[in-house]
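Below are the chains, spelled out letter by letter.
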Amino acid sequence: MADARHILRISGSDANSFLQGLVTNDVDKVRDGLVYAALLTPQGKYLADFFLCADGEDILLDVDASLAESLKIRLTMYKLRADVTISDTDLFLHRGTGDIPEDAFADPRAPQLGWRAYRASEQTDDATDWTALHVAAEVPQTGIELTPDSYILEMGFERLSGVDFRKGCYVGQEVTARMKHKTELRKGLAKVTVDGPADPGDEITANGKPVGTLHSRSGDEALAYLRFDRATGEMQAGTAKLTRA
């Protein structure tokens, strides 16, 4: 089954402009399909990632269930006098990797991740190994690779169509733009091959020095958060040997 998700509805005459000033991607793109975006702290660190799609004049927001309540509180804090209502829905996420149904949207992060649809009944027929697909496509997952310490560019958000550098201001935009234009990323998400027993959360070392942390694993491949200048040869996690994929 897919991970637990919660679907919020953002409605009101200011819904689009309200979100546009907060999130990392261009909200106007919801008229063309699913939009992947994040809400950041003013310091540019990750708070939540989610999908946005149009539902008539409203916008649906698809977020990991563990973040839904805190995200509602944060959005309400920003609402001020805007004509915006943030409400829960009774919709459920459906996912698949075959042909895209008429009521579904292609996942904008990677073709391997198939489609997403929002329906009134709970999905019961999804046996997809989503972790394997996330690892293969180097797509971070909420609460695993994406944590409150994350910077979204280190997590590949530009490659995953999760940030728009032409849309104008949003919360955390200054730090994100500086990382894009003025620095070379020294750390970030990468795929590694794993030979031996190693578990998510294990520290990765090279030549006795810390290199990063192992995250999602599927077979002999995994995602890892690495310090790139040290991750240039063979690495270790526990008794396992690791190399950049």
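Given the structure is predicted, the values throughout are model-derived calculations rather than measurements.

Caption draft 1: Geometry of the overall build of the protein chain. What the protein chain contains, in helices and strands, is four helices and 14 strands. Its C-alpha atoms give the protein chain a radius of gyration of 19 Å, within 12% of the compact-globule value 18 Å for 245 residues. Within the span of the protein chain, comprising 245 residues, buried residues form 47% of the whole. When contacts within the protein chain are restricted to residue pairs at least 6 apart in sequence, long-range pairs at least 24 apart make up 62% of them. Put simply, the protein chain shows about 11,900 Å² of open surface, and 47% of that area lies on carbon and sulfur atoms.

Caption draft 2: The sheet that holds strand S8 (residues 115-119), seen in detail. Read across the open sheet, the three strands follow the order S6-S8-S7; overall the sheet is antiparallel. Here the strands that pair on one side only, and so sit at the sheet edges, are strand S6 (92-96) and strand S7 (104-106). The sheet shows a mean angle of 25 degrees between the axes of neighbouring strands, taken without regard to direction. Strand direction decides the pairing type here: S7 and S8, joined by three bridges, are antiparallel. From the neighbouring strand, Ala106 faces S8, where its bridge partner is Trp115.

Caption draft 3: Examining helix H2 (residues 65-79) more closely. Relative to the 21 Å expected for 15 residues at 1.5 Å per residue, H2 spans 21 Å between its end C-alpha atoms, a close match to the ideal helical length. Along H2, the sharpest kink reaches roughly 25 degrees, centred on Leu71. All of the buried residues in H2 are Leu67, Ala68, Leu71, Lys72 and Leu75. On its buried side, H2 packs onto strand S1 (5-11), helix H1 (15-20), strand S2 (35-40), strand S3 (46-55), strand S4 (58-64) and strand S5 (85-88). Note on H2: the residue one or two positions beyond its end, Leu80, has a positive phi of about 50 degrees.

Caption draft 4: Inspection of the pairing of strand S14 (residues 240-244) at higher detail. Two elements, strand S9 (residues 187-195) and S14, share four bridges in a ladder whose sense is antiparallel. Paired with Val192 across the bridge in S14 is Arg244. Here three bridges tie strand S13 (residues 235-237) to S14, and the two strands are oriented antiparallel to one another. Within the sheet, the bridge partner assigned to Ala237 lies in S14 and is Ala240. Counting the residues between successive antiparallel strands, the hairpin from S13 to S14 contains two residues, one of them, Gly238, with a positive phi of roughly 65 degrees.

Caption draft 5: Region of interest: the packing of aromatic side chains. Within this structure, the stated rule accounts for two aromatic pairs. Both rings, one in Tyr36 and one in Phe51, keep their centres 5.1 Å apart while their planes meet at 35 degrees; by these two values the pair is tilted. With a gap of 15 residues between them, Tyr36 in strand S2 and Phe51 in strand S3 connect regions that are remote in the sequence. Phe51 shares its class with Tyr36; the two are buried. Members of the aromatic cluster, each reached through a chain of ring pairs, are Tyr36, Phe51 and Phe157. Directly above the ring of Trp130 sits Arg95, whose terminal nitrogen or CZ lies 3.6 Å from the centroid. Looking at Arg109, its charged tip hangs above the ring of Tyr36, at a distance of 5.3 Å from the centre.

Caption draft 6: Local environment of the pattern of salt bridges. Taken as a whole, this structure holds 12 salt bridges when the rule is applied. For Asp103, the salt bridge goes to Arg119, with nearest N and O atoms at 2.8 Å. In this pair, Asp103 sits in the loop between S6 and S7 while Arg119 sits in strand S8, placing the two residues 16 residues apart along the sequence. The partly exposed category is assigned to Asp103, whose relative accessible area is 39%. What makes Arg119 partly exposed here is its relative accessible area of 23%. We note a salt bridge from Asp107 to Arg116, for which the minimum N-O separation is 3.7 Å. Overall, Arg116 belongs to the buried group, its relative accessible area being 2%. Put simply, Arg5, Asp62, Asp107, Arg109 and Arg116 are held in one network by salt bridges that share partners.

Conventions adopted
- Residues numbered from 1 in each chain as written.
- Predicted model: local features only at pLDDT ≥ 70, side-chain atom pairs only at ≥ 80, totals over all residues.
- Heavy atoms only, no water.
- Helix = DSSP H or I, 4+ residues; strand = E, 2+ residues; numbered from the N terminus.
- Rg over C-alpha atoms; globule rule 2.2 N^0.38 Å.
- Buried < 20%, exposed > 50% of the residue type's maximum accessible area, 1.4 Å probe, protein only.
- Contact = heavy atoms within 4.5 Å.
- Areas by Shrake-Rupley, 256 points an atom, 1.4 Å probe, with all protein chains shown as cover.
- Pairing = 2+ DSSP bridges.
- Axes fitted to C-alpha atoms, helices over the stretch in contact; angles between N-to-C directions.
- Expected span 1.5 Å × (residues − 1).
- Bend = angle between axes of the 7 residues up to and from the residue.
- Phe/Tyr/Trp six-rings, centres within 6.5 Å; stacked < 30°, edge-to-face > 60°.
- Lys NZ or Arg CZ within 6 Å of the ring centre and 35° of its normal.
- Salt bridge = Lys/Arg side-chain N within 4 Å of Asp/Glu carboxyl O.

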